[in-house]
Amino acid sequence: MRNPKPKEWTADEWSKNRIADYKPFMFVDGEGVRCSLYVSGCLFACKGCFNKAIQNFNYGEPYSIELENQILNDLSHDHVQGLTLLGGEPFLNTQVCLRLVNRVREVYGQQKDIWSWSGYTFEELLEETDDKLDLLAKIDVLVDGRFELARRDLTLQFRGSSNQRLIDVQKSLVAHQAVIWDKCIDASRYTN
């Protein structure tokens with residue numbers, strides 16, 4: 001596992017604007033029915049990563065306006081609660097993620113929520129580049145922190161290891177500290 005210094009890894013330097021996968025109408029990538037976009041590329045290289053193939057920034061297909069329009073159309077269904085950004089590392093693919101998130105907010109406002117998984121912690125993201133801060137500011141729930149194999153716990157809600165947290169980003173930005181999502185049923189099992 002790798003630990004970057006603040007602003008060491010930039011999306012401009014690493015991202016190839018590629019998508020590993022898109023899965024509409026998912027039930028496991030956050031609360032409710034979701035449209036899940038898996039971006040390509042991650043530098044954290046967590047031992048035991050379940051998406052190891054998509055750590056490569058060249059994996060998958062280029063992001064396209066056609067895919068973006070498909071995602072917006074899939075989100076239009078009343079039963080779809082929102083969008084989830086995963087990877088790979090969304091915060092190292094801000095060109096793609098911000099473009100999509102901005103369109104989602106333009107079309108749906110706050111009607112659809114936005115979740116993201118990240119190897120970065122909330123506190124690390126606060127010290128990051130402007131594009132990462134912009135993306136963070138537009139997310140509702142962040143599952144933060146690197147996956148740690150020694151802390152793996154597959155019974156946790158929406159996360160794989162006990163160091164990871166379910167963070168209410170909007171409340172956290174106001175409080176200037178991480179605030180756990182109020183629907184987290186097992187927050188007491190978090191170990192830092």
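Let me begin by describing the structure that accompanies this report.

Here is what the cut-offs are and how they apply
Residues numbered from 1 in each chain as written. Predicted model: local features only at pLDDT ≥ 70, side-chain atom pairs only at ≥ 80, totals over all residues. Heavy atoms only, no water. Helix = DSSP H or I, 4+ residues; strand = E, 2+ residues; numbered from the N terminus. Buried < 20%, exposed > 50% of the residue type's maximum accessible area, 1.4 Å probe, protein only. Lys, Arg positive; Asp, Glu negative; His and termini not counted. Salt bridge = Lys/Arg side-chain N within 4 Å of Asp/Glu carboxyl O. Polar contact = N/O pair within 3.5 Å; in protein donor to acceptor, adjacent residues only side chain to side chain. Arc of directions from axis to C-beta. Contact = heavy atoms within 4.5 Å. Phe/Tyr/Trp six-rings, centres within 6.5 Å; stacked < 30°, edge-to-face > 60°. Lys NZ or Arg CZ within 6 Å of the ring centre and 35° of its normal. Pairing = 2+ DSSP bridges. Right-handed = clockwise from strand over helix to strand, strands pointing away. Axes fitted to C-alpha atoms, helices over the stretch in contact; angles between N-to-C directions.

Quick notes on the side chain of Lys112
Argument step 1. Its location among the elements puts Lys112 in the loop between α3 (94-108) and β5 (113-117).
Argument step 2. Summary of buried charges: Lys112 has no salt-bridge partner, and the nearest side chain of opposite charge, Asp78, is 5.6 Å away.
Argument step 3. A distance of 2.9 Å separates a polar side-chain atom of Lys112 from the backbone oxygen of Leu75.

Details of helix α2 (residues 65-75)
Argument step 1. Taken residue by residue, α2 has Leu67, Glu68, Ile71, Leu72, Asp74 and Leu75 as its buried positions. Taken end-on, α2 shows its buried residues confined to a sector of 165°, consistent with a single buried face.
Argument step 2. Buried residues along α2 sit in contact with β1 (18-26), β2 (33-39), β4 (80-86) and α3.

Some points on the packing of aromatic side chains
To describe a pair of aromatic rings, you give the distance between the ring centres and the angle between the ring planes.
Argument step 1. Tallying each qualifying case throughout the model produces eight aromatic pairs.
Argument step 2. Their ring planes at 55° and their centres at 6.3 Å tell us that Phe158 and Trp181 sit as a pair that is tilted. Of the two residues, Phe158 is situated in the loop between β6 (141-144) and β7 (165-168) and Trp181 in the segment after α6 (169-175); the sequence distance between them amounts to 23 residues.
Argument step 3. Overall, the relative accessible area of 21% leaves Phe158 in the partly exposed class.
Argument step 4. One Lys or Arg, Lys23, reaches over the ring of Tyr38 and ends 5.3 Å from the middle of that ring.
Argument step 5. Lying across the ring of Tyr108, Lys112 places its NZ or CZ 5.8 Å from the centre.

Some words on the pairing of β5
In regular strands, side chains alternate between the two faces of the sheet.
Argument step 1. Of all five residues in β5, five are buried, a share of seventy percent or more.
Argument step 2. Burial of the side chains of β5 extends over both faces: Asp113, Trp115 and Trp117 are buried on one face and Ile114 and Ser116 on the other.
Argument step 3. Of the strand pairs in this sheet, β4 and β5 are connected by four bridges, and their pairing is parallel. Within β5, the position partnered with Leu83 by the bridge is Ile114.
Argument step 4. As a crossover connection, the stretch from β4 through α3 into β5 is right-handed.
Argument step 5. Alignment of β5 against β6, held across three bridges, turns out to be parallel.

So, the sheet that holds β5
Argument step 1. Spatial strand order, β3-β1-β2-β4-β5-β6-β7: seven strands in an open sheet with mixed pairing. Across the chains shown, the open sheet's two edge strands, defined by having one partner strand only, are β3 (61-62) and β7.
Argument step 2. Here β6 pairs with β7 via four bridges, running antiparallel. In the sheet register, Val141 faces β7, and the bridge partner there is Asp168.
Argument step 3. Each of β1, β2, β4 and β5 touches α3; the most contacted strand, β4, lies at about 165° to it.

This is a description of form; function is not addressed.
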